[in-house]
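Close look at the chain arrangement
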Amino acid sequence: MPTFRAPRGTRDLLPAERVPMTRLERVAADLAARYGYHPMETPLFEDAAVFERGIGAVTDVVEKELFFVGARADEGERWALRPEPTAGIARAYVQHGMQTWPQPVKVTMTGSMFRYDRPQAGRYRQFWQFDVEAIGDPGPAVDAEIIELAARFYRDVGLPDVKILLNSIGDPACRPAYLEEMTAYYRRHEARLPPLERERLERNPLRILDSKDPAMVDVNAGAPSMTDGLCEACAGHFEAVRAHLDALGIGYTLEPHLVRGLDYYTRTAFEVYPAGAGGQQSAIGGGGRYDGLVELLGGRPTPGIGFGIGLDRVLLALQERADRNAAAEAILAPEPAPLAVVVGSDPADTATRLRLATELRGAGLAVRADLGQRKLGKQLEAAARDGAHFAVIVGDELASGQVQLRDLDAGTQRPTPVTNLARDLERAARTHHHG
Ligand code: AMP
C-alpha cells in the first residue's frame, strides 16, 4: 500500500486518459470557435455566496456538495471550489461590464469542477467539463443553436446516437402555480415518500423530480408536468425552440419531468444521454436557460443559456462502446509513436545522440534520443518497442558526416549525410505506410 493516494472521489488522469480527454477538449474548442465562442477562464474558487445565490441555497450542489476552501479567518472570506462554471462566468459578466459588449457574449470554459458527492462510477468529486455560454440573447433561436452545437459535438467525437431530452421549466411568472400543483400532488402521496423527498417537499419541491431514489420512479411518473402549466410567453418560446430544432433536423425527446439540479434555470432545459442509457447517473451533458442569474448576481436583468459537457463521462461512454466508429477510435487512439529514435554504437556518447535529436526536433520532427547508456542492440530493441518508424544510428562514419538511417518496419538501412537527415526523414515520413 502506498503511503499516499489521491483523495477519495478524485483520480489522477494518467496519459492514457488525459490524452483522449485533451482530444475531446480540442474537438469542442474548435467547434465552439466555429460558432463564434471565445475561451475564457474564471478562478477555481469563488466567494461561496456566488454559488449559494446563483445556484440556489436549497440545492444538493450547494447544500451538500460545496467544497469549502480554507480561507484565512482574519480576512473574513468564505470561498468554495466551483461546482459548475455558469455562476462564475455570470459573476465575471457583471464584474467586467460585459453588458456593454456586443450581445450575446459567447464564451467557453474548460476545466475541473468540484462536488462533494458520494463517489461512484462516473461520479467524481473532481471532474472535467467543457462549457459553452451565450449571455444576452433571450432566444429561442440561440437555444436551438446551442442544442445543435451539442448534438454535433457528440457526433464528431463518435457518439452519433445520443438521446437529447428537452423540456421547458417555465419562468417566475408560471412556475409558482406549477409548484403549488406539484406540492399538492406530493402531499397526496406523502406516505410513499422517503424521508429525503419529504424534506424536499417542504423546502424545494422541484428537486423531488430529480430524485435518484428508485422508490420515487412510480410516484414521479404521475406528477403534473410543467409543460402543461406554462404561461403563454413560455409556451410560445418552447414551441419556437422546437420549431428551430425541427428545421435543423435535430432529433430530441420531450421529457416533461426534466428539471435541472440547479435553481437558476428558466425555460429551456436539456440533457444528453448516451444511446440506450437511462437514469440520472449517465447524463453526459446538460444545459439550459438561466434568464434570472445575472440579475441574481447583481447585474441588470440579462437572459442567458449554456451547456456543459461532462468530459469524464463522454470518455467512459466511448470506452464502453463495443461498436466504435472511426471518430471514436481517433479520440481513443494511443499517441503517435516517434518518427525516429537516435541510437548509437558508443553507449557513453549521449551528447551526440542528444545533439542530433535536438536538431531534428528543431526541424519540427518527432524524434527521441536514447539517453540510456546501453548497448546498441538494446537501444534498437527499445526503439522498436516504442513503435518508432526509423532509427538514426550514430557510429564511426559520423567522422565523415554520415549516419545510418534504419527503417525499423522494413528492416533495411542506408547511409545518409547528417546534413540531409531532416529532409530525408521528412520525406520518409510522408511516404511511409504505418504497420
Ligand atoms: P450538471 O451541471 O450537473 O448538469 O453537470 C453537467 C454534466 O457534467 C453532467 O451531464 C455530467 O456529464 C457531468 N457531471 C456532473 N457531475 C459530475 C460528477 N460528479 N462526476 C462526473 N461528471 C459529472
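Please read all numbers here as calculations on a predicted model, not as lab measurements.

The next subject is the overall build of the protein chain. In terms of helices and strands, the protein chain carries 15 helices and 16 strands. Dimensions of the protein chain along its principal axes, counting C-alpha atoms only, are 90 × 55 × 45 Å. A buried classification covers 49% of the 435 residues belonging to the protein chain. Within the protein chain, contacts between residues separated by at least 24 positions form 69% of all contacts whose residues are at least 6 apart in sequence. For the protein chain, the distance from the average position of its 51 positive side-chain charges to the average position of its 60 negative side-chain charges is 4 Å.

Let us look at the sheet that holds strand β15 (residues 402-407). The five strands are arranged β13-β12-β14-β15-β16 in an open sheet whose pairing can be described as mixed. Where the open sheet ends on each side, the last strands, each with one partner, are β13 (367-369) and β16 (412-417). The mean angle between the axes of side-by-side strands here comes to 25 degrees, regardless of whether they run parallel or antiparallel. Both strand β14 (residues 390-394) and β15 contribute to a ladder of four bridges, which runs antiparallel. Within β15, the residue paired with A391 across the bridge is R406. In the packing of helix α13 (residues 350-362) onto the sheet, contacts are made with β12 (340-344), β13, β14 and β15, and the angle to β13 comes to roughly 165 degrees.

The subject of this paragraph is the domain arrangement of the protein chain. Considered domain by domain, the protein chain is made up of domain 1 (15-174 + 230-330) and domain 2 (340-431). For domain 1 versus domain 2, the separation of C-alpha centres amounts to 48 Å.

Below, the discussion takes up the pattern of salt bridges. Taken as a whole and judged by the stated rule, the model has 21 salt bridges. A salt bridge links R187 to E190; the shortest N-O distance between them is 4.0 Å. You can call E190 partly exposed: its relative accessible area is 26%. For E197, the salt bridge identified is with R200, shortest N-O distance 3.1 Å. Here R200 and E197 lie together in helix α7 (residues 195-203), a separation of three residues that amounts to about one turn. Taking the relative accessible area as the measure of exposure, E197 reaches 2% and is therefore buried. Three or more residues joined by partner-sharing salt bridges are found here, namely R11, E17 and D312.

Along the chain, P301 turns up in the loop between α10 (293-296) and β11 (304-310). The sequence separation of P301 and V217 amounts to 84 residues, and the corresponding C-alpha distance is 37 Å.

Okay, the site of the ligand next. Near the ligand there are 13 residues, and of these R115, Y124, Q129, R260 and A283 occur at the shortest range. Between G285 and the ligand, the recorded distance is 3.1 Å, taken from a backbone N or O atom to an oxygen atom. Here R313 contributes a side-chain N or O atom positioned 3.4 Å from a nitrogen atom of the ligand. Secondary-structure elements contributing two or more residues to the shell around the ligand are β6 (126-135) and β10 (285-289). When grouped by side-chain class, the residues that make up the shell around the ligand number four nonpolar, five polar and four charged.

Below, the discussion takes up the packing of aromatic side chains. Evaluation of the coordinates by the stated rule reveals six aromatic pairs. Taking 5.2 Å as the distance between ring centres and 80 degrees as the angle between the ring planes, the aromatic pair formed by F153 and Y154 counts as edge-to-face. Both residues of the pair, F153 and Y154, belong to the buried class. Look at Y154 and F307: their rings are 6.3 Å apart centre to centre, the planes differ by 75 degrees, and that puts the pair in the edge-to-face class. Linking Y154 in helix α5 (residues 141-156) with F307 in strand β11, this pair joins segments that are 153 residues apart in sequence. Each member of the pair, Y154 as well as F307, carries the same accessibility label: buried. Between the NZ or CZ atom of R11 and the centre of the ring of Y124, over which it lies, the distance is 3.9 Å. In this arrangement the basic side chain of K106 is found over the ring face of Y37, its NZ or CZ atom lying 4.8 Å from the centre.

With that out of the way, let us pick up the packing of helix α1 (residues 15-34) against helix α11 (residues 311-320). Contact geometry of α1 with α11 gives a least axis separation of 10 Å together with a crossing angle of 110 degrees. Accordingly, the angle class assigned to the pair α1 and α11 is roughly perpendicular. When α1 is examined against α11, the residues E17, P20, M21, L24 and E25 are found in contact with a partner set consisting of L311, D312, V314, L315 and L318.

Our focus in this paragraph is the nonpolar core. Within the largest apolar cluster, 91 residues are counted, with the highest numbers of intra-cluster contacts made by L24, F153, Y154, Y186, I309 and V314. Element by element, the count of residues in this core is highest for α5, at nine residues. In this structure, Y186 is in contact with L193, L201, I208, L209, M216, V219, N220 and A223, ignoring residues within four places of it in sequence. If you look at the next biggest cluster of nonpolar residues, it comprises 17 residues, including A369, V392, L405 and L425.

Further remarks concern the side chain of R313. For R313, the location among the structural elements is in helix α11. A polar contact of 2.7 Å, which involves the side chain of R313, links it to the backbone oxygen of G122.

Taking burial as the measure, the seven residues of β11 include seven buried ones, the bulk of the element. As paired elements, β6 and β11 share seven bridges and run antiparallel to each other. What sits directly across from Q129, in β11, is G310. As paired elements, β10 and β11 share five bridges and run antiparallel to each other. Residue pairing for β11: R289 is matched across the bridge by I305.

Scoring rules and cut-offs
- Residues numbered from 1 in each chain as written.
- Predicted model: local features only at pLDDT ≥ 70, side-chain atom pairs only at ≥ 80, totals over all residues.
- Heavy atoms only, no water.
- Helix = DSSP H or I, 4+ residues; strand = E, 2+ residues; numbered from the N terminus.
- Buried < 20%, exposed > 50% of the residue type's maximum accessible area, 1.4 Å probe, protein only.
- Contact = heavy atoms within 4.5 Å.
- Lys, Arg positive; Asp, Glu negative; His and termini not counted.
- Charge placed at Lys NZ, Arg CZ, Asp CG, Glu CD.
- Pairing = 2+ DSSP bridges.
- Axes fitted to C-alpha atoms, helices over the stretch in contact; angles between N-to-C directions.
- Domains from an automatic or database assignment.
- Salt bridge = Lys/Arg side-chain N within 4 Å of Asp/Glu carboxyl O.
- Near = heavy atom within 4 Å.
- Polar contact = N/O pair within 3.5 Å; in protein donor to acceptor, adjacent residues only side chain to side chain.
- Nonpolar A, V, L, I, M, F, W, Y, C, P; charged D, E, K, R; others polar.
- Phe/Tyr/Trp six-rings, centres within 6.5 Å; stacked < 30°, edge-to-face > 60°.
- Lys NZ or Arg CZ within 6 Å of the ring centre and 35° of its normal.
- Parallel < 35°, antiparallel > 145°, perpendicular 65-115°, else oblique.
- Core = buried A, V, L, I, M, F, W, Y, C linked by side-chain atoms within 4.5 Å.

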